[in-house]
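What follows is each chain in one-letter form.
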Amino acid sequence: MEAVPRLPMISCDIKISPQNTEFAPILKKYIRDHYHEDPESYSKEIKELETLRQNAIKAPMDFTGCSILKRYYSQLHKLQSRFPMTDDGPACVPFMWTDIYSGVAYNITDIEYEEACILYNIGALHSKLGTMDNRCNAEGMKIACTHFQCAAWAFQHLRDTYPQPKGSDMSHDLLTFFINIMLAQAQECILEKSMLDNRKSSITAKIAAQVVDYYKCALGIMVSGSPSTDTGSILDIVGSKIFKGWKKFIEFKMSYYTSISHLYMGNQAEENEKWGERVAWFQSAFDQLSEAFKISKGLDQDDLNEPLTFTMDVIGGKHSSSKKENEFVYHDKVPALSSLPELKGASLVKGIPFSITDPDVSGPDIFARLVPMEAHETSSLYSEEKAKILRSVVAKIEGKNEELMAYLSSLQLESGLSFDDDEKIPQELLEKCAAISVRPTLISDLEDIMKVSTRNIVLQANMPS
């Protein structure tokens, strides 16, 4: 196309925590009872954790908000390595969150529930930032695409890692629906960039077809749910108004992007001088876009008229000219749409993860100086074992030194000799041995003793401290 029409996107609502969580009473008690340290000495760390949570549940709608949420999520994982905060552990604290659709507040004493809610908000915030970008240029399309892929990963990791309560705003089917929506919208951004760059018609058609495939999967989850789960239907969770709005909007986009994919297949047929196929593809594109026009009438969207009108001008013109040219010039047989080659989508998007161990994401470990007692005990055992080995080696060295000195004393050669650490008998000693006719076998024995002694000295020097 001569320009790139941009359609509005779907975003997810942010979960709300109506009550701050106080970590101090429980964590201080556990530090005193389990670590046997002064709990007041950790007041600064606990205050930092509580402040971080307050900032996370009120994260701003920008990149900073994403960073705050990810840092808090990473710190929650570090917290679990020092405090038993799951399955009614002695360090559990209550976390309160409100269900987006029912309005019910859940107060659950399990840090995994807190992690799940924060991870959901990470995905929701990325989805909102993706929809907020106007995608008016290549950079905007790229940024929006990245946000949607980050959102898709957050929802996927949440679905696959944490238990989802039946009928809640984080149920399995609803998360699966959001995953497909985010991937579809990321693929839309790729499609817009492809049209902007005037890529090959066959490639653009496949990208558009994949957008349709993702929306088709999302619609299937909405209507029938996952066959392997029984988590309550999406209709029951979100209510009929939201459900109908989503369903109609997805049907609209499926028709619209089917028309786009068939438009580019028609362009491909035109490039290959397949005039009958060109007419068939453009006819289908026109029919699908007409269907999208009908569906759009029932949508509460004010920004659909311009892209629809523009697209209709393009497809309508292509459709009309292709029919006339074929009727008056080419006279090529127009095949049925079902007989045309199958159009398979090409996915160019996937979830983009973040790492909780990346210092740029997690920031410094808040409780870094709080070392578990098990680590202290293990360190003590290691130090004792190291000392045993060192004592054993030193004893062997001293024994070999005494043996060496006794042997030299028997030869009356111990005075005035200096030894180097090169595992060889000093030249001075060899000359004295030659002067008193020491047998070669004795010299060989002496060299063996020297080697053992020297190796042990080197071993002692290299022992870890």
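The shown structure was predicted, so the numbers you read here are calculated from the model rather than taken from an experiment.

Asks: Report on a nonpolar patch on the surface, specifying residues and quantitative values.
Replies: A grouping of Val104, Tyr106 and Ile108 is seen on the molecular surface, where their side chains present a nonpolar patch of about 220 Å² in accessible area. Within the fold, Tyr106 resides in strand 2 (residues 105-108).

Asks: Help me get a handle on the packing of helix 9 (residues 240-271) against helix 10 (residues 275-296), residues and values and all.
Replies: Where helix 9 meets helix 10, the axes come as close as 8 Å, and the angle between the chain directions of the two elements is 160 degrees. When the interaxial angle is binned, helix 9 and helix 10 end up roughly antiparallel. As helix 9 packs across helix 10, the resulting crossing turns out to be left-handed. Looking at side-chain class alone, the contact of helix 9 with helix 10 contains twelve nonpolar, nine polar and six charged residues.

Asks: If you had to explain unusual backbone geometry to someone new, which residues and values would you point to?
Replies: If you check the backbone angles, Asp87 has positive phi at about 50 degrees while not being a glycine. Among the secondary structure elements, Asp87 is positioned in the loop between helix 3 (63-80) and strand 1 (95-98). Residue Asp87 is classed as exposed on the basis of its relative accessible area, which comes to 67%. Of note, the phi angle at Asn198 is positive, near 55 degrees, even though the residue is not glycine. The topology assignment puts Asn198 in the loop between helix 6 (172-196) and helix 7 (201-224).

Asks: Which residues make up the nonpolar core, and what values go with them?
Replies: General note: in soluble globular proteins, nonpolar side chains tend to be found buried as a group. Ranked by internal contacts, the top residues of the largest apolar core, which has 115 residues, are Phe23, Phe83, Tyr120, Phe177, Trp246 and Phe367. When neighbours within four sequence positions are excluded, Phe367 is seen to be in contact with Leu27, Tyr42, Glu45, Ile46, Leu49, Leu79, Arg82 and Phe83.

Asks: Hey, could you go over the pattern of salt bridges for me, with residue numbers and the actual values?
Replies: Applying the stated criterion across every chain yields a total of 16 salt bridges. In this structure, Lys28 engages Glu40 in a salt bridge whose closest nitrogen and oxygen atoms are separated by 3.2 Å. Residue Lys28 is located in helix 1 (residues 24-35), and its partner Glu40 is located in the loop between helix 1 and helix 2 (43-57); the two are separated by twelve residues in the primary sequence. By relative accessible area, which is 19% here, Lys28 ends up buried. On the basis of relative accessibility, which here comes to 49%, the residue Glu40 falls in the partly exposed class.

Asks: Let's hear about the packing of aromatic side chains: which residues, and what values?
Replies: If you walk through the whole model with that rule in mind, you get 15 aromatic pairs. For the pair Tyr73 and Phe354, a centre-to-centre distance of 5.9 Å together with 75 degrees between the ring planes defines the contact as edge-to-face. A residue pair is termed long-range when its members are at least 10 positions apart, and Tyr73 in helix 3 and Phe354 in the loop between helix 11 (305-330) and helix 12 (359-362) qualify at 281 residues. Overall, the relative accessible area of 14% leaves Phe354 in the buried class. Chaining the aromatic ring pairs together yields one cluster made of Tyr120, Phe155, Phe177, Phe178 and Trp246.

Asks: Lay out the state of the cysteines with the relevant residues and their values.
Replies: A full pass over the atoms with the stated rule returns zero disulfides. Not engaged in a disulfide, the cysteine Cys145 finds its nearest cysteine sulfur in Cys189; these two sulfurs lie 5.3 Å apart. Residue Cys145 is classed as buried on the basis of its relative accessible area of 5%.

Asks: So what's going on with the layout of surface pockets? Which residues, and what values?
Replies: The volume enclosed by the largest pocket comes to roughly 430 Å³. Considering the residues around the largest pocket, the lining is formed by 17 residues, among which Ile10, Ile242, Gly245, Trp246 and Gln301 are closest to the centre. A total of five residues in the lining of the largest pocket trace back to one element, the largest contributor, which is helix 9. Looking at side-chain class alone, the lining of the largest pocket contains nine nonpolar, four polar and four charged residues.

Asks: If you had to explain the environment of Leu7 to someone new, which residues and values would you point to?
Replies: By the secondary structure assignment, Leu7 is in the segment before helix 1. Note: C-alpha distance between Leu7 and Pro307 (300 residues apart in sequence) is 7.0 Å. Setting aside anything within four residues of it in sequence, one finds Leu7 in contact with Arg135, Glu188, Glu192, Phe252, Lys253, Tyr256, Tyr257, Leu304 and Pro307.

Asks: So, the environment of Phe310: which residues are in play, and what are the values?
Replies: Relative to the assigned elements, Phe310 resides in helix 11. Taking relative accessible area as the criterion, Phe310 reaches 25% and is therefore assigned partly exposed. Separated by 305 residues in the primary sequence, Phe310 and Pro5 have C-alpha atoms spaced 7.4 Å apart.

Asks: Tell me about the side chain of Glu45, residues and numbers included.
Replies: Among the structural elements, Glu45 can be located in helix 2. On the basis of relative accessibility, which here comes to 10%, the residue Glu45 falls in the buried class. Apart from residues no more than four positions distant in its own chain, Glu45 is found in contact with Ile366, Phe367 and Arg369.

Definitions and cut-offs
Residues numbered from 1 in each chain as written. Predicted model: local features only at pLDDT ≥ 70, side-chain atom pairs only at ≥ 80, totals over all residues. Heavy atoms only, no water. Patch = residues over 30% accessible without salt bridge, like charges linked within 9 Å, V, L, I, M, F, W, Y side chains within 5 Å. Areas by Shrake-Rupley, 256 points an atom, 1.4 Å probe, with all protein chains shown as cover. Salt bridge = Lys/Arg side-chain N within 4 Å of Asp/Glu carboxyl O. Helix = DSSP H or I, 4+ residues; strand = E, 2+ residues; numbered from the N terminus. Axes fitted to C-alpha atoms, helices over the stretch in contact; angles between N-to-C directions. Parallel < 35°, antiparallel > 145°, perpendicular 65-115°, else oblique. Left-handed = near helix turned anticlockwise from the far one by under 90°. Nonpolar A, V, L, I, M, F, W, Y, C, P; charged D, E, K, R; others polar. Buried < 20%, exposed > 50% of the residue type's maximum accessible area, 1.4 Å probe, protein only. Core = buried A, V, L, I, M, F, W, Y, C linked by side-chain atoms within 4.5 Å. Contact = heavy atoms within 4.5 Å. Phe/Tyr/Trp six-rings, centres within 6.5 Å; stacked < 30°, edge-to-face > 60°. Disulfide = S-S within 2.5 Å. 1 Å grid on protein atoms, 1.4 Å probe; cavity = no way out; pocket = protein on both sides within 12 Å on 5 of 7 lines; lining within 4 Å. Points joined across faces, edges and corners; volume = space filled by probe spheres on them.

Scope: geometric values only; no functional claims are made or implied.
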